Number of protein chains: 2
Amino acid sequence: MKNTESILTQNINFLHYIFLYRSYKSNICEQTNAQVLYDFPAEPGNNELSVQEGEILTVTNQNVGGGWVEARNSRGNVGLVPEDYIEVKNTLIICFVFDFTSLYRGVNGNEAWTATTWSNNNPADNWNSAEQEPAGNSGSVYSFDEEWDDDSDDGKSTVGYGGSQMEEGGTMQRGGGHSTMKISLNKFPGFSKTPNPEVYLLTKSIAKGNDKLPIYAGEVGPVWLYPQIQLDCVVADPKKGSKMYGLKSYIEYQITPNTTNRPVNHRYKHFDWLYERLVEKFACALPIPCLPDKQVTGRFEEEFIQMRMERLQGWMSRMCRHPVISNSDVFQLFLNYRDEKEWKLGKRKTEKDEIVGVKIFSTIDPELPELDPGQVEQKYEMYSQFTRSMDNSVKELLAVGHLHWKRCTGPLQKEYRQIGKAFQNLSSVFNTSAYPRESTLTEALSATGKTYEEIAELVAGQPKKDLHFLMETNNEYKGLLGCFPDTVAVHKAAIDKVKEADHLVTMNKVSQQDKHIMEKNLSTMSYALQAEMNHFHSNRIYDYNRLMQFYLEEQVKFYETIAEKLKKALGQYTTI
Amino acid sequence: MKNTESILTQNINFLHYIFLYRSYKSNICEQTNAQVLYDFPAEPGNNELSVQEGEILTVTNQNVGGGWVEARNSRGNVGLVPEDYIEVKNTLIICFVFDFTSLYRGVNGNEAWTATTWSNNNPADNWNSAEQEPAGNSGSVYSFDEEWDDDSDDGKSTVGYGGSQMEEGGTMQRGGGHSTMKISLNKFPGFSKTPNPEVYLLTKSIAKGNDKLPIYAGEVGPVWLYPQIQLDCVVADPKKGSKMYGLKSYIEYQITPNTTNRPVNHRYKHFDWLYERLVEKFACALPIPCLPDKQVTGRFEEEFIQMRMERLQGWMSRMCRHPVISNSDVFQLFLNYRDEKEWKLGKRKTEKDEIVGVKIFSTIDPELPELDPGQVEQKYEMYSQFTRSMDNSVKELLAVGHLHWKRCTGPLQKEYRQIGKAFQNLSSVFNTSAYPRESTLTEALSATGKTYEEIAELVAGQPKKDLHFLMETNNEYKGLLGCFPDTVAVHKAAIDKVKEADHLVTMNKVSQQDKHIMEKNLSTMSYALQAEMNHFHSNRIYDYNRLMQFYLEEQVKFYETIAEKLKKALGQYTTI
């Protein structure tokens, strides 16, 4: 910390040179440490670094892309390590959050600066895309990402990232990690890590009419009200657009909901705006999975666009499947706006929405018997435990999937090619024997060699066919599971408040009536969490069923194809 | 060389301490260099050394066993490298060849010593057995191998290894390399690398009766006379025997020929005696593949005994299939002796046989038109080229097979286990959800996990099922091909002699008649080589057909089994 402060003091003059912002920050980022989660044996010749579980690394470059980070081990060896294999710790990140006014007024010293510790999970798990956003870049007010600086009528008012205040971890978590969600804080008095549920706990009134979010007793327990027709949409047809006389380019996607069948166009930053609104409004009650990662370079490359589209589709489908989100005004606006005017008006209205943060609970109406705080706490513990365990399990699967992918496209492909080549070479040699009874064997051997070369390509191509979907879905779940701690923490804080109220009642500082309101509201919050968990479980079972069936079907096809090919090769030999 | 001589002088006194022989020699062996033939990426945690094609290593320990050698690279890193991946070069080996008489007479100085360059091929390709004989140990007169020092009535007269003379490379090649054969020299006047064919080239008489080895014009060209009934034998039932009141133990194998169906017993050293006799008698005309390697430690271990038996069976079957060898007196004696007396008498008679070395050609009677020296040379070049190419190709296949074997039993098995474990862990986590509709998925996931664990074991067990036979056969061929250069060199020397004779005729130093005899005999030699090559080709086609069919059948079964297992696992999922 001392060291950082002295760096800061030395560099204070650089503040005026805002264009140095990036390079300066990337220097500070180099002080990132990471702990190794799983053994990773380096493949020779790939600039990789062998690491062992528990080892501490110094991250030397988080921005290499493709799901890799460059790191140095304690022996000074530098190499690439898959980012899923490490947990980044103690990053010293300098958040430059101030506004132009203060810049031209002269910088108000240390207030604008802070060194904050980022004890985040894995960095962005953009596990096999090309490149990615430098950690911590997104969301800063004066970032130079094209996605952000070219359109002043939106984006800039981004709640949770605006203002001249720094936020602890907030800016980092969005840009650097897929797996956390930033619950909006700035609409509440005071700042703390978790939104203070007190605002809600003492609320007596319940929203009426359309705003009401009922919870029913379903077969599996408390459930949200599910619509008769399941909303869905198709994200397709990415088109390059431009503005400012062609100076600024962007990609626009076409989104067609099954309800209207009328396509609307949105850029990535519109998705991001939607995400921000959903977080602001719902994140205390519903975990809102992050959008697929932003990317600065390679944004217009075919492969990247396809990958982003696929992931946006996944994200939108998940949102559509959620009964509360899909039915919300902001989500409906996003899917159904008729023209630019309706969109802009809708945006403005949405941004003025007051029912955000913990206030969302005041709209929830469980038509179910009140739970006592003990039951609430028990559920809380159970969900907390489950999501944590599943998060670990999903990460384990991703890690082993990543390793398997690499082995299939790397050494295994190479080895089958070598086997194929060895048989073909033997065939060529045999062909030179001038022995009259040679041809059947040499032809068969050569066909066997070609078969193994084909197998090499099958092996290398297989992960894209089956593992890809398994990885994508698990990655989505990793993102979703990373949001639970934030959501569940709101509930934990509410439980603590109610416990505190118990104590305050005995000291006559809180009335018995108020305490009862708090308990009733805690019960409502718990029902919301239960309904959300049941929604999560039901989706999870559907998703993993589908995922495993797809994976196994493809695996069966793969092995059967190989067996078929080998059988055909075998048929060419004759027993003499 | 200077350096070696000074080491020799310094250590000359050690000669009297014959028991220091081994350790002394092993010191000298450490100066072995090796060139890397194929890239080998080390597996982490296995003490392996990554090496690249063309790299020069210093072999630090050739005796680690299991098909590995310990080596040091130019950067000073030491680790294990598969011996099939390297070619040992410039080994400084000190051959201690003298007899007890000379030892007690006082050592006759430098005559008994020599530093010889061993430019052999790969060391013993005992590619997946347990341990192996220190290179250069076998065949020395005063070796302490139990196989050799406990039975004075045989072995000690081993031709090609006895006497107080050093032999260039000879003793090394037998012990250290599967792939070369030592053609007997000591029954001919003068010493050279290749037996001098002059002795034969000027011979006029041709052997008669039983000793005659006819060559016929077969469909494929000149062929040996094949017997009506193909001789074969079964090597089985290894039993531990002992002598000297239990002080010396040995393993005795039972060999049952299909002709008599009467089993005879032989120890490894009897096989070795047979091998020596066959080399002595036939190696100028027929390549005699080496016996499977001798081994000092672990000789009585189940696995080693089985492996040796399997390889002795392979060697014996190959000898039985050879029309000339199988019909020879020595081979018949080995298979058919009735009692100890017959065996000993037969041995004594065999050892007195005068028709050995190049003289064998005098017994060959090709009933075919004489070839001119030009034709002979052409054939010689073709065979030489073919066997060299095939040798390379076989080595390539062995190298890639070795790599594949290691990957299957190492990282691939581990990875499938990890995949299995990841699915099972996910199942366990899902099981804790307390969600009522969980069980079908958790059970299916757990079954999938177990399936991948089973696949891990299938993958690891597969090489023993299919690759083993492929490797064993190719290894046998590697040994056989390694014998061709020696055999073919005799022919090359004969061609040179005939060319020389041409010149000597013009100088009237050789009569026209003698020259003609030489050309006729050269033609006979060439027919012998052609018959032998045709025998080799016919066996090769049979062997590789069988080998490939077996390999592919097992591979098909393997992939089908996996597909079946995965199909079963898939069946447990339900589409909700």
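Rules of the game
For every chain, the first residue of the written sequence is number 1, and numbering continues from 1 along that sequence. Written order determines the labels here, with chains lettered from A and ligands numbered from 1. Two thresholds apply to this predicted model, a pLDDT of at least 70 for residue-level local features and 80 or more for giving and counting side-chain atom pairs, whereas whole-chain, interface and lining totals are computed over all residues. With hydrogens and water excluded, all non-hydrogen atoms of the structure serve as input to the side-chain values. UniProt positions are given in the numbering used here, feature names are shortened, and annotations may be inferred rather than shown by experiment. In what follows, salt bridge is the name for a side-chain nitrogen of Lys or Arg lying within 4 Å of a carboxyl oxygen of Asp or Glu. Secondary structure elements are defined from DSSP: runs of H or I of at least 4 residues count as helices, runs of E of at least 2 residues count as strands, and each element is numbered from the N terminus. A simple rule labels every residue: compare its accessible area, found with a 1.4 Å probe on the protein chains alone, to the largest value its type can have, and call it buried under 20%, exposed over 50%, or partly exposed in between. Residues are said to line a cavity or pocket when one of their atoms sits within 4 Å of a point; the points come from a 1 Å grid over protein atoms alone, cavities being sets where a 1.4 Å probe fits but cannot get out and pockets being open sets with protein on both sides within 12 Å along at least five of seven lines. Grid points are joined across faces, edges and corners, and a volume is the space filled by probe spheres set on the points. Here the term charged refers only to Asp, Glu, Lys and Arg, the term nonpolar to Ala, Val, Leu, Ile, Met, Phe, Trp, Tyr, Cys and Pro, and the term polar to all other amino acids, Gly among them. When DSSP finds two or more bridges between two strands, those strands count as paired. Axis lines are fitted through C-alpha atoms, for helices just across the contact stretch, and the angle between N-to-C directions can take any value from 0 to 180 degrees. Any two residues having at least one pair of non-hydrogen atoms within 4.5 Å are treated as being in contact. Here's the idea: put two parts together, see how much 1.4 Å probe accessible area each one loses, and the total over both is what we call buried area. To sort the angles, those under 35 degrees are grouped as roughly parallel, those over 145 as roughly antiparallel, those from 65 to 115 as roughly perpendicular, and the leftovers as oblique. The sense of a crossing depends on the near helix, which, turned anticlockwise from the far helix by less than a right angle, makes the crossing left-handed and, turned clockwise, makes it right-handed. For this overlay, a least-squares fit was computed on C-alpha atoms, restricted to residues scoring pLDDT of at least 70 in both copies. Each helix should span, by expectation, one fewer than its residue count multiplied by 1.5 Å. What the arc covers is the set of directions going from the helix axis to the C-beta atoms. Count a disulfide wherever a pair of cysteine sulfur atoms falls within 2.5 Å. To pair, rings of Phe, Tyr and Trp, with the six-membered ring standing in for Trp, must have centres within 6.5 Å; the planes then decide the type, stacked if under 30 degrees apart, edge-to-face if over 60, and tilted in the middle.

Naming follows an unreviewed UniProt entry, where chain A appears as Sorting nexin of Sinocyclocheilus grahami. The heading Sequence similarities (unreviewed entry) in the UniProt record of chain A holds the text "Belongs to the sorting nexin family."

Q: In this structure, what is going on with the pattern of salt bridges? I would like to understand it.
A: Any two side chains of opposite charge can pair, given that their charged atoms come close. Residues and elements named next belong to chain B. If you walk through the whole model with that rule in mind, you get 50 salt bridges over all chains. As a salt-bridge pair, Asp-543 and Arg-321 come within 2.9 Å of each other at their nearest N and O atoms. Residue Asp-543 is located in helix H15 (residues 512-570), and its partner Arg-321 is located in helix H8 (residues 302-321); the two are separated by 222 residues in the primary sequence. The two residues Asp-543 and Arg-321 agree in class, both being buried. Between Arg-546 and Asp-543 there is a salt bridge, and its shortest N-O distance comes to 3.9 Å. Taken as a pair, Arg-546 and Asp-543 lie in helix H15 at a separation of three residues, close to a single helical turn.

Q: Would you mind going over empty space enclosed by the protein with me for this structure?
A: The rolling of a water-molecule-sized probe over the atoms marks out the regions of remaining empty space. Space inside the largest cavity adds up to approximately 300 Å³. Residue lining of the largest cavity: 29 residues in total, with A:Tyr416, A:Tyr559, B:Leu412, B:Tyr416 and B:Tyr559 positioned closest to the centre. Elements that contribute at least two residues to the lining of the largest cavity include exactly helix H12 (373-431), helix H13 (439-506) and helix H14 (512-570) of chain A together with helix H12 (373-431), helix H13 (439-465) and H15 of chain B. It is H13(A) that contributes the most residues to the lining of the largest cavity, six residues altogether. Class assignment of the residues belonging to the lining of the largest cavity gives a composition of 21 nonpolar, six polar and two charged.

Q: Sorry if this is basic, but what is going on with the sheet that holds strand E12 (residues 264-267) of chain A here?
A: Two orientations exist for strands paired in a sheet by backbone hydrogen bonds: parallel and antiparallel. Residue and element names in this part refer to chain A. As summarised here, the arrangement of the three strands in space is E10-E11-E12, forming an open sheet in which the pairing is antiparallel. In this open sheet, the two strands that pair with only one neighbour each are strand E10 (233-243) and E12. Pairs of neighbouring strands in the sheet enclose a mean axial angle of 30°, with direction left out of account.

Q: Honestly, the interface of chain A and chain B in this entry has me stumped. Any pointers?
A: How large an interface is tends to be reported as the accessible area lost when its parts come together. Across the contact, 69 residues belong to chain A and 68 residues belong to chain B. Roughly 6,700 Å² of surface becomes buried between chain A and chain B when both sides are summed, with 69% attributable to carbon and sulfur atoms. For the pair chain A and chain B, the number of links is eight salt bridges. The residue B:Lys567 makes a salt bridge to A:Glu560 at a minimum N-O spacing of 2.8 Å. Mapped onto the side of chain A that touches chain B, the elements with two or more residues apiece are H12, H13 and H14 of chain A. The dominant element in the side of chain A that touches chain B, judged by the number of residues it contributes, is H12(A), at 25 residues. Grouping the constituent residues of the side of chain A that touches chain B by class yields 41 nonpolar, 17 polar and eleven charged.

Q: What's the story with the packing of H8(B) against helix H14 (residues 467-506) of chain B in this structure? I'm lost.
A: Between two packed helices, both the angle of their axes relative to each other and the distance between the axes serve to describe the pair. Residues and elements named next belong to chain B. At a minimum axis distance of 12 Å, the contact between H8 and H14 shows a crossing angle of 55°. Taken as axis vectors, H8 and H14 run oblique relative to one another. The handedness of the crossing between H8 and H14 is right-handed. Across from Met-307, Glu-310, Arg-311, Gly-314, Trp-315 and Arg-318 in H8, the residues of H14 making contact are His-468, Glu-472, Asn-475, Glu-476, Tyr-477 and Leu-480.

Q: How should I be thinking about the environment of A:Trp343 in this particular structure?
A: Residue and element names in this part refer to chain A. Within the element layout of this structure, Trp-343 appears in helix H11 (residues 340-351). Of the residues examined, Trp-343 reaches a relative accessible area of 3% and is grouped as buried. When the C-alpha atoms of Trp-343 and Leu-570 are compared, they prove to be 65 Å apart, with 227 residues separating the residues in sequence. Excluding its chain neighbours within four sequence positions, the residues that come into contact with Trp-343 are His-266, His-270, Trp-273, Leu-333, Phe-334 and Tyr-337.

Q: Please explain the relation of the copies chain A and chain B as it appears in this structure.
A: Note that the two copies of the chain are related through a rotation about an axis and a translation along the same axis. Between chain A and chain B, the superposition needs a rotation of 180° and an axial shift of 0.0 Å, giving an RMSD of 0.1 Å. Taken together, the rotation and translation relating the two chain copies correspond to the operation of a two-fold axis. Taking C-alpha positions as reference, the residue of chain A nearest the rotation axis is A:Tyr559, located at 2.7 Å. When the interface residues of chain A are mapped onto chain B, 99% of them are again interface residues, pointing to one common binding face.

Q: Honestly, helix H11 (residues 340-351) of chain B in this entry has me stumped. Any pointers?
A: Residues and elements named next belong to chain B. The terminal C-alpha atoms of H11 lie 16 Å apart, and with twelve residues this matches the ideal 16 Å at 1.5 Å per residue to within 8%. Along H11, the residues that are buried comprise Trp-343, Gly-346, Lys-347 and Thr-350. Summarising the axial view, the buried residues of H11 lie within an arc of 105°, below the 170-degree limit, and thus occupy one face. Within H11, the exposed residues directed more than 90 degrees away from the buried face are Lys-341, Leu-345, Arg-348 and Lys-349. Those residues of H11 that are buried are in contact with strand E12 (264-267), helix H7 (268-282) and helix H10 (329-336).

Q: Help me understand the environment of A:Phe282 in this model?
A: Residue and element names in this part refer to chain A. Within the element layout of this structure, Phe-282 appears in helix H7 (residues 268-282). Overall, Phe-282 belongs to the buried group, its relative accessible area being 3%. Between the C-alpha atom of Phe-282 and that of Ser-328, which follows or precedes it by 46 residues, the distance is 9.9 Å. Excluding its chain neighbours within four sequence positions, the residues that come into contact with Phe-282 are Ile-288, Val-324, Ile-325, Ser-328 and Ile-360.

Q: Explain the sheet that holds strand E13 (residues 364-366) of chain B here, please?
A: Residues and elements named next belong to chain B. In space, the three strands of this open sheet follow the order E9-E8-E13, with mixed pairing throughout. Two strands in the sheet have a free side with no partner beyond their single neighbour: strand E9 (221-224) and E13. Strand-to-strand twist across the sheet, computed as the mean angle between neighbouring axes with direction ignored, equals 30°. Where strand E8 (residues 213-218) meets E9, four bridges bridge the pair, whose relative direction is antiparallel. Residue pairing across strands places Ala-217 opposite Pro-222, the latter belonging to E9.

Q: Any chance you could explain the state of the cysteines here in plain terms?
A: Cysteine pairs can be covalently joined through their sulfur atoms, and such a bond is termed a disulfide. Within the structure shown, the criterion is met by zero disulfides over all chains. A:Cys320 provides the cysteine sulfur closest to A:Cys233, a residue in no disulfide bond, and the two sulfurs are 3.9 Å apart. Unpaired in terms of disulfides, B:Cys284 finds its nearest cysteine sulfur in B:Cys483, a separation of 13 Å. Overall, B:Cys284 belongs to the buried group, its relative accessible area being 1%.

Q: Sorry, what's going on with the packing of aromatic side chains here?
A: Aromatic ring pairs: the centre-centre distance and the angle between the two ring planes describe each pair. The tally for this structure, following the rule as stated, stands at 37 aromatic pairs over all chains. Aromatic side chains A:Phe334 and A:Trp343 sit 6.2 Å apart centroid to centroid with 65° between the ring planes, which places their arrangement in the edge-to-face category. Both rings, one in B:Phe484 and one in B:Phe536, keep their centres 5.1 Å apart while their planes meet at 75°; by these two values the pair is edge-to-face. Here B:Phe536 lies in helix H15 and B:Phe484 lies in helix H14, a separation of 52 residues in the sequence. By relative accessible area, which is 1% here, B:Phe484 ends up buried. Note on B:Phe536: relative accessible area 3%, which makes it buried.

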